[in-house]
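So the chains spell out like this:
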Amino acid sequence: MDSYQSDSLRPLKRTKRAWIITTIDVQEEDKGPFPKYAGQLFNNRSYNTSLKYLISGPGVDEAPEIGLFSIEDDANGHLYVHHTIDRERTPTFQIRFDVESRKSGELLDSPIFFRIKVKDINDNAPEFSMKEYSTTIREDHSKDEPVIQVTAQDKDEVGTVNSQVSYSISMPMPSPDGLTFNIDPTTGSIFLSGCLDYKAAKSFYLLVKASDHGSPQLSSTATVAVTVEDANNHLPVFTSDNYHLQISAGGEHPAVVRLQVEDKDSPNTPAWRAKYKITKGNEKEQFSIETDPATNEGILSVIKPLSYEGDPEMRLVISVANEEPFFWCKNGIVTISRLESTNTAVNIEVLQSAPRFHPPILIVQKEDSMKPGRVFRKYPATYSDDVPNKIKYKLAHDPDGWLSVDEKSGVLTVVKGFDQESPSLNNSLYTIIVHAADHGKPPQTGTGTILLYLSDINDHMPALVAPALDVCDNKEGTVLIIEAKPALAHSHSGPFTFELAEDSEDVKHNWKLGRNFGQSVELVMLRSLPQGSYLVPIIIQDRQGFSTRQDQHIRLCFCPDGHTCPSYSPVLQAAVGLGSGAIVIILIVFLLLLVSSIMLCQCYRSGAERKAIASHQEGEQTLINFNEESKSSFSEAGLDITRGVTSTTVSMEAGKEMISENGCFTGYKTSRARHLDCFIQTVDSTLAWKVYYQSTLEDYGDICEPCRYTEEGVFESEPSNSPCSISIGSEDLPDDFLNTLGPMFSALEEICQK
């Protein structure tokens, strides 16, 4: 067993420490004189040994407060303080004490760490977290709820009388009778001692004091501003206990009476704003009442027609309260109630009503369709449903006699043209007044006014969003959505009313209006219609009385992809801008082209003939004579009508014989129906090109050149672009040929009718 093991096996012995430290007394803010004795160190190993005491650590050779402590007599261990100490900055110091041999410098004992605590004095007053406090409370604030809480902190030693804070409050300014503010001395919470009165004081200023319990006692103050917000401690009161009204039966009547109230609370606050309610007499929900936010008045309106026969006299009871609950204060206690209100009575006498026009003022702009004999507008007057009287219409004011009115239906018809020079015009405005009278005793008469503008006021008129629609489906029951947009000058003039024009009876066999969505309406197809273009005149009226007639163009077409119509035909695009004279010329050219095409294919050639090779089933066919006056191609003949038109191509299969005479082909293996279809397409394209030239050229005489006929045999080297490149005899045309020419010819017919 070695020495290390023998040492480790020795029993441990507790050794007694040899350090003795007297009380070290250090007080903050001590004024000296310095250096000042603080205490003494002693180690019992100093017997028979020359010792030296050492100290180190914070306050000695380390921050904070380097040089604060030292041992002036290192042989006796006397500890000194060298300057004033601030406890709030450094309350304690942890110092190390050592003892060593003065001769060898060897440490004679283990070091000891000693905590020096700086003694506190009351050198700090409590400090509030804010110098100025502010708060807002309502007039109905309860005294059990704190108004505000203030807090103050003292930097002196916690848990001592130097840092213990108490709160107090001085007299508030102003100081109304019977009202004080109290403060909890421990927590700083401020309370009311009674009820507030907004009329007596709208704000308060308090001076709050925080004091410690040290010696000497130190304190500080802060201000508290309390603002009072008005609450509902005054009920609204009607200025009249009874109201008497006379209201006509039938129809709605907005704002038949305005009920006034008085309220002493602050205006435009929830405590002042009134809420009205009909508590009795409105079982049929014929009335409504709402608050005018500007005047606080109650506006009573009739929202459902009143009945003269059913209830000639009515009585309403109306109550009023405020938006926020009412409160009152008694013995310093606030009580809140939601049931408090005041009442008034409204007595109503129902009178027999007069017819009413809708709208009362109708504004119309002169339209092209307004010609003598045509319908101007339908301007009806109505009753409520439960009034059986009939209505008779008459014109009360029409100084120039431009219109007439059907006394039973109210339909207005144009009698004579509108004269721009009429002396009855006022800035292009012509005024018409219509009366609608019932058969009662005495009769009641309603008045409607029509303002007819002969000048352009399109900026004030509603219009169609899409004047032209393409529709792929032409089945019965198809529904289209016709949308209207407000006028530029009245961006919020909707919702709109829609109706089909009265003079469009033919249109009404095909179409009708469905549901009205305010900004749009359904247009329903009443029967399956053939492909083509249709014009549906619709009258649009906004809620301001502006009425206009708009033409809805609808094109029914075959859609190859199921949802997109092909592009418009050049005929329809170009023909819209043509005059009636140009259209007559086009029709004459078309008829001449049609007749010449048939006759050219039946003429005989006086010169050489080419023998036709015909099948046994078809029999023999006579060759057609050709004119030999010119070598030019037939593509140059016929008013140069093929310029820009794609020619109809006829393919010839190998082994099949064709007759090629003057550009007219007859394929014995091709059906007669195919000849007819191809011919119609060619004529259609030719007419389209001709319409295009007619609409774009001022002088089109240069395209009408003399007819030149080609020579037999030239066709093989010069393919023809002629519309007669398909031979069809008059016997090949069906009886309804002209009815199968397609929608372009319907468009021409429509233009001619205009």
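This structure is a prediction, so every number in the text was calculated from the model and none was measured. (Residues numbered from 1 in each chain as written. Predicted model: local features only at pLDDT ≥ 70, side-chain atom pairs only at ≥ 80, totals over all residues. Heavy atoms only, no water.)

This part takes up the sheet that holds strand β8 (residues 112-119). Pairing is mixed in the open sheet, where four strands are placed in the order β2-β8-β7-β4. The sheet is open, and its two borders are formed by β2 (26-27) and β4 (51-56), each paired with just one other strand. (Pairing = 2+ DSSP bridges. Helix = DSSP H or I, 4+ residues; strand = E, 2+ residues; numbered from the N terminus.)

Time to look at the packing of aromatic side chains. Under the definition given, this model contains 13 aromatic pairs. Ring centres of Phe238 and Tyr276 lie 6.1 Å apart, and the angle between their planes is 55°; on these two criteria the pair is classed as tilted. Pair noted here: Phe238 is in strand β18 (residues 237-238) and Tyr276 is in strand β22 (residues 274-280), with a separation of 38 residues, a long-range link. Here Phe238 falls in the buried class, since its relative accessible area comes to 6%. Ring centres of Phe376 and Phe418 lie 6.3 Å apart, and the angle between their planes is 80°; this geometry places the pair in the edge-to-face category. Here Phe376, found in strand β31 (residues 375-378), pairs with Phe418, found in the loop between β35 (411-414) and β36 (429-437); they are 42 residues apart in sequence, far enough to count as distant. Judged by relative accessible area, Phe418 falls into the buried class, the value being 9%. Chaining the aromatic ring pairs together yields one cluster made of Phe376, Trp402, Phe418 and Tyr430. Lying across the ring of Tyr198, Lys202 places its NZ or CZ 4.9 Å from the centre. (Phe/Tyr/Trp six-rings, centres within 6.5 Å; stacked < 30°, edge-to-face > 60°. Buried < 20%, exposed > 50% of the residue type's maximum accessible area, 1.4 Å probe, protein only. Lys NZ or Arg CZ within 6 Å of the ring centre and 35° of its normal.)

Turning our attention to the environment of Pro325. Residue placement: Pro325 occurs in the loop between β25 (313-322) and β26 (326-330). Judged by its relative accessible area of 24%, Pro325 is partly exposed. Taking the C-alpha atoms as reference points, Pro325 and Ala271, separated by 54 residues in sequence, lie 7.9 Å from one another.

Further remarks concern a nonpolar patch on the surface. A cluster of nonpolar residues, Val479, Ile481 and Phe517, forms a patch on the protein surface that exposes about 270 Å² of accessible area. Of note, Ile481 is situated in strand β40 (residues 479-485). Ile481 gets classed as partly exposed once you look at its relative accessible area, which sits at 48%. (Patch = residues over 30% accessible without salt bridge, like charges linked within 9 Å, V, L, I, M, F, W, Y side chains within 5 Å. Areas by Shrake-Rupley, 256 points an atom, 1.4 Å probe, with all protein chains shown as cover. Salt bridge = Lys/Arg side-chain N within 4 Å of Asp/Glu carboxyl O.)

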